[in-house]
Amino acid sequence: MSNEVLNYDKIAEASLAKAQRDGAETMWDRRAAQKTQCGFGEAGVCCRICTMGPCRVSPVPGKGAERGICGANADTIVARNFARMCAAGTSAHSDHARDIVHALHHSKAEGPYKVRDEAKLRRIAAEWEIADADTKETYALAHELALMALEEFGKPFGTQRFLKRAPKARQEVWARENIAPRAIDMEVTTLMHSTHMGCAADYESLFRRGMRTSMSDGWGGSMIGTEFSDILYGTPTARASSSNLGVIDAEMVNIMVHGHDPNLSEMVVLAAQNPEMVELAKSKGAKGINIVGMCCTGNEMTMRHGIKIAGNFYQQEMAIITGAIEAVVVDVQCIFPALPELAKTYHTRFVSTSPKAKIAGDIFIEFSEATGLDNAAEIVKLAVENFSNRDASKVEIPDIKQDTMVGYSVETIIEHLDAVVNSQLEDELGTVKPLTDVIYAGVIRGAAGVVGCNNPKQQHDYAHITVMEELIKRDVICVVTGCAAQAAAKAGLLTLEAKDKCGRGLKEVCERVNIPPVLHMGSCVDISRILHIVNLCADQRGVDPALLPVVGIAPEWMSEKAVAIANYVVGSGINTYLGVIPPVLGGPNFTKLMTEDCHEFIGAHFVFEKDPIVMVDKIMEDMEAKRTALGI
Ligand code: SF4
Ligand code: SF4
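Residues numbered from 1 in each chain as written. Chains lettered and ligands numbered in written order. Predicted model: local features only at pLDDT ≥ 70, side-chain atom pairs only at ≥ 80, totals over all residues. Heavy atoms only, no water.

Caption draft 1: Broad picture of helix 21 (residues 527-541). In this model, helix 21 (15 residues) spans 22 Å end to end at C-alpha, consistent with the 21 Å of a helix rising 1.5 Å per residue. For helix 21, a buried count of 11 out of 15 residues is recorded, marking the element as mostly surrounded by other parts of the structure. What helix 21 keeps buried is the set Ile527, Ser528, Arg529, Ile530, Leu531, His532, Ile533, Val534, Asn535, Cys537 and Ala538. Two residues or fewer after helix 21 comes Gly542, characterised by a positive phi angle close to 70°. (Helix = DSSP H or I, 4+ residues; strand = E, 2+ residues; numbered from the N terminus. Expected span 1.5 Å × (residues − 1). Buried < 20%, exposed > 50% of the residue type's maximum accessible area, 1.4 Å probe, protein only.)

Caption draft 2: Representation of the sheet that holds strand 15 (residues 575-578) in the model. Read from one edge of the open sheet, six strands run 13-12-11-14-15-16, paired in parallel fashion. At either end of the open sheet lies a strand with only one pairing partner, and these are strand 13 (518-522) and strand 16 (606-608). Ignoring strand direction, the axes of neighbouring strands in this sheet form an average angle of 25°. For strand 11 (residues 446-450) and strand 12 (residues 476-481), the ladder comprises five bridges, and the chain directions are parallel. Each residue of the ladder has a partner; that of Gly446, found in strand 12, is Val476. This element, helix 24 (residues 612-630), spans strand 11, strand 12, strand 14 (550-554), strand 15 and strand 16 of the sheet and lies at about 175° to strand 15. (Pairing = 2+ DSSP bridges. Axes fitted to C-alpha atoms, helices over the stretch in contact; angles between N-to-C directions. Contact = heavy atoms within 4.5 Å.)

Caption draft 3: Summary view of the packing of helix 9 (residues 203-233) against helix 21. Viewed as axis vectors pointing N to C, helix 9 and helix 21 meet at an angle of 100°, and their least axial separation amounts to 8 Å. The orientation of helix 9 relative to helix 21 falls into the category roughly perpendicular. Contact with helix 9, carried on its side by Gly218, Trp219, Ser222, Met223, Thr226, Glu227 and Asp230, involves Ser528, Arg529, Leu531, His532 and Asn535 of helix 21 and no other residues of that element. Classifying every residue of the contact of helix 9 with helix 21 by side-chain character gives three nonpolar, six polar and three charged. (Parallel < 35°, antiparallel > 145°, perpendicular 65-115°, else oblique. Nonpolar A, V, L, I, M, F, W, Y, C, P; charged D, E, K, R; others polar.)

Caption draft 4: Representation of the nonpolar core. Residues Phe207, Ile224, Phe228, Ile289, Leu471 and Ile553 are the most contacted members of the largest nonpolar core, which totals 170 residues. The element contributing the most residues to this core is helix 4 (residues 74-106), with 14 residues. In this structure, Phe207 is in contact with Asn567, Phe590, Leu593, Met594, Cys598, Phe601, Ile602 and Phe606, ignoring residues within four places of it in sequence. Counting residues in each nonpolar core, the second largest holds 33 residues, with Ala12, Met318, Val328 and Tyr346 among its members. (Core = buried A, V, L, I, M, F, W, Y, C linked by side-chain atoms within 4.5 Å.)

Caption draft 5: Representation of the site of ligand 1. Cys47, Ile49, Cys50, Met52, Gly53, Cys55, Gly68, Ile69, Cys70, Arg80 and Met197 make up every residue found near ligand 1. Residues that form the shell around ligand 1 fall into these classes: eight nonpolar, two polar and one charged. (Near = heavy atom within 4 Å.)

Caption draft 6: The arrangement of unusual backbone geometry in detail. Here the bond from Gly53 into Pro54 is cis, since omega is 5°, no more than 30 degrees from zero. Its place among the elements puts Pro54 in the loop between strand 1 (46-47) and strand 2 (55-56). A cis amide bond, omega 5°, links Gly111 with the succeeding residue Pro112. Here Pro112 lies in the loop between helix 4 and helix 5 (118-127). Positioned with a positive phi, Gln333 is a non-glycine residue whose angle comes to about 75°. With respect to the helices, strands and loops of the structure, Gln333 is situated in the loop between strand 7 (327-330) and helix 14 (339-345). A relative accessible area of 17% means that Gln333 is categorised as buried. At Asp461, a residue that is not glycine, the phi angle is positive and equals roughly 70°.

Caption draft 7: Local environment of the environment of Phe228. Mapped onto the fold, Phe228 is located in helix 9. Look at Phe228 and you get buried, because its relative accessible area is 0%. With 107 residues separating them along the chain, Phe228 and Leu121 place their C-alpha atoms 8.0 Å apart. Discounting residues that sit within four places of it in the chain, Phe228 has contacts with Ile100, Val101, Leu104, Ile124, Trp128, Leu145, Ala146 and Ala149.

Caption draft 8: View of the packing of aromatic side chains. Taken as a whole and judged by the stated rule, the model has seven aromatic pairs. Ring geometry for Trp28 versus Tyr314: centroids 6.1 Å apart, planes at 85°, classification edge-to-face. Of this pair, Trp28 sits in helix 2 (residues 27-33) while Tyr314 sits in the loop between strand 6 (308-311) and helix 13 (316-321); the two residues are 286 residues apart in sequence, bridging distant segments of the chain. On the basis of relative accessibility, which here comes to 24%, the residue Trp28 falls in the partly exposed class. (Phe/Tyr/Trp six-rings, centres within 6.5 Å; stacked < 30°, edge-to-face > 60°.)

Encoded structure:
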């Protein structure tokens with residue numbers, strides 16, 4: 001695969017060359033320093049959960065040590081390690097959600113945290129069966145709903161409230177297989193217990209427990225995070241934005257928001273709009289203040305405000321290397337600890353803000369919901385004052401940016417679908433029927449959710465873009481989130497013009513509904529939006545989602561959050577394709593369970609495939625088999 005294939009690699013090349021000139025270290029230097037990575041870790045067969053170890057067992061049955069000191073075999077060790085990845089991923093998304101719910105609990109009419117989507121507040125309150133949801137005073141209702149949501153994390157009985165969004169058939173699978181998630185924190189805690197030395201040693205039981213925990217993420221933490229962020233900050237609507245490093249503006253104060261939590265970045269955006277702050281920036285010789293986004297905080301900001309996207313995971317260092325970022329403001333998750341050191345090569349200030357993710361090396365300004373706007377104002381001022389320290393000789397911003405359309409929440413997609421509902425027929429407005437109609441008619445063959453990270457094991461963004469381009473060519477509509485969405489944005493796939501890259505059926509649909517063939521549905525917690533729309537489609541057709549020609553794909557995943565996501569997507573009945581092989585191959589029975597046997601009881605399974613073209617071939621076969629089984 002050559003760098004010529006993708007124009008954005010030229011940016012990577014230029015950035016890396018500049019990093020070398022500036023004496024800055026990047027992830028590629030550190031990747032090279034790792035030399036050959038450990039085969040035991042890669043196969044998932046090393047264990048260090050007690051101090052009799054660390055133990056490592058042979059990934060090849062019949063050769064070398066077959067058991068750790070306690071007697072755990074390869075499948076048990078692999079299953080425990082994988083389960084712990086599920087627990088960590090679930091905890092990250094869910095703790096994020098808890099902060100959002102806390103902000104709603106603090107909300108008041110005078111702001112800055114206030115209810116911006118009252119209709120959604122009332123809709124969710126009614127869904128959760130709060131009495132008088134349509135008439136109660138807004139903030140009394142918001143606070144009551146927030147309390148109920150906080151209980152979802154630790155209630156002693158019952159399962160997650162949002163599970164009821166799934167069709168009956170799916171709910172029955174979850175009940176039968178005992179994977180309906182209970183309280184979120186309970187699932188994480190009990191899974192950590194099960195994986196303690198001398199507890200669960202049955203790989204299948206560990207797999208199921210990992211799945212139930214992950215389900216508490218998708219149908220609990222992430223879904224709460226998404227829905228409550230919409231209530232607080234507004235439900236995204238279709239809007240224009242722009243992406244890639246070229247959105248960094250040499251004439252402005254550039255502030256990069258990086259991480260995940262909109263509670264902070266929303267305040268940064270507000271503080272930067274303050275006319276006094278803009279005046280201060282002008283007094284320093286800048287034309288104004290330019291907020292750019294990175295990773296999922298960037299996604300949240302672009303979905304709701306059209307904030308420009310500087311890049312995805314692998315570009316977090318490249319943005320600093322432009323020499324034109326006055327401050328990187330981070331909250332939690334996916335932030336390289338290397339950034340403060342890198343920032344010192346330039347004038348950039350690195351501001352960490354969350355006690356949960358304090359990163360040493362520059363400045364820590366503790367952010368809390370009670371003082372959010374003041375904290376943000378302090379950060380923005382720090383950035384503005386830093387403009388004068390910029391070294392013009394080190395500024396080099398790649399001249400590449402791409403127009404892009406963002407903001408496709410479930411509500412916005414349905415609004416677009418309404419445009420093609422014939423007023424003479426009896427079809428209702430506000431449903432997903434036009435979408436299931438074109439899928440059932442075969443005009444589009446299926447739908448794919450493409451999500452996840454970048455990973456230096458692969459050429460960045462190559463698998464994302466190849467998978468998406470191949471799928472739309474074959475009339476499969478794509479919805480994207482996370483760093484996959486940003487890859488799509490940079491490649492121009494989130495534009496109306498991208499219809500010209502589609503097969504005939506999908507092109508026609510894009511033209512009539514006025515949408516790009518790849519729809520940006522938000523951040524990683526917003527994968528819950530994908531779950532929601534798939535389940536609306538299944539419900540509309542009266543089938544289990546496992547029967548629909550729909551797949552989940554994580555072509556370049558790297559984080560534990562991605563493991564939890566993949567797991568809850570499979571648990572939701574959707575076959576999930578991974579372009580990076582998880583550390584499980586050392587446990588042959590566990591691998592078989594994930595990739596084949598679990599289909600029997602969940603109706604879905606994992607597929608590991610590194611080659612994106614082969615992956616798409618397999619996906620098409622999968623979709624066509626489902627179509628045949630449905631008789632469509
Ligand atoms: S739990 Fe067992 S396999 Fe793991 S480190 Fe301890 S003795 Fe070794
Ligand atoms: S897609 Fe992966 S790398 Fe990107 S923000 Fe989400 S978890 Fe982090």
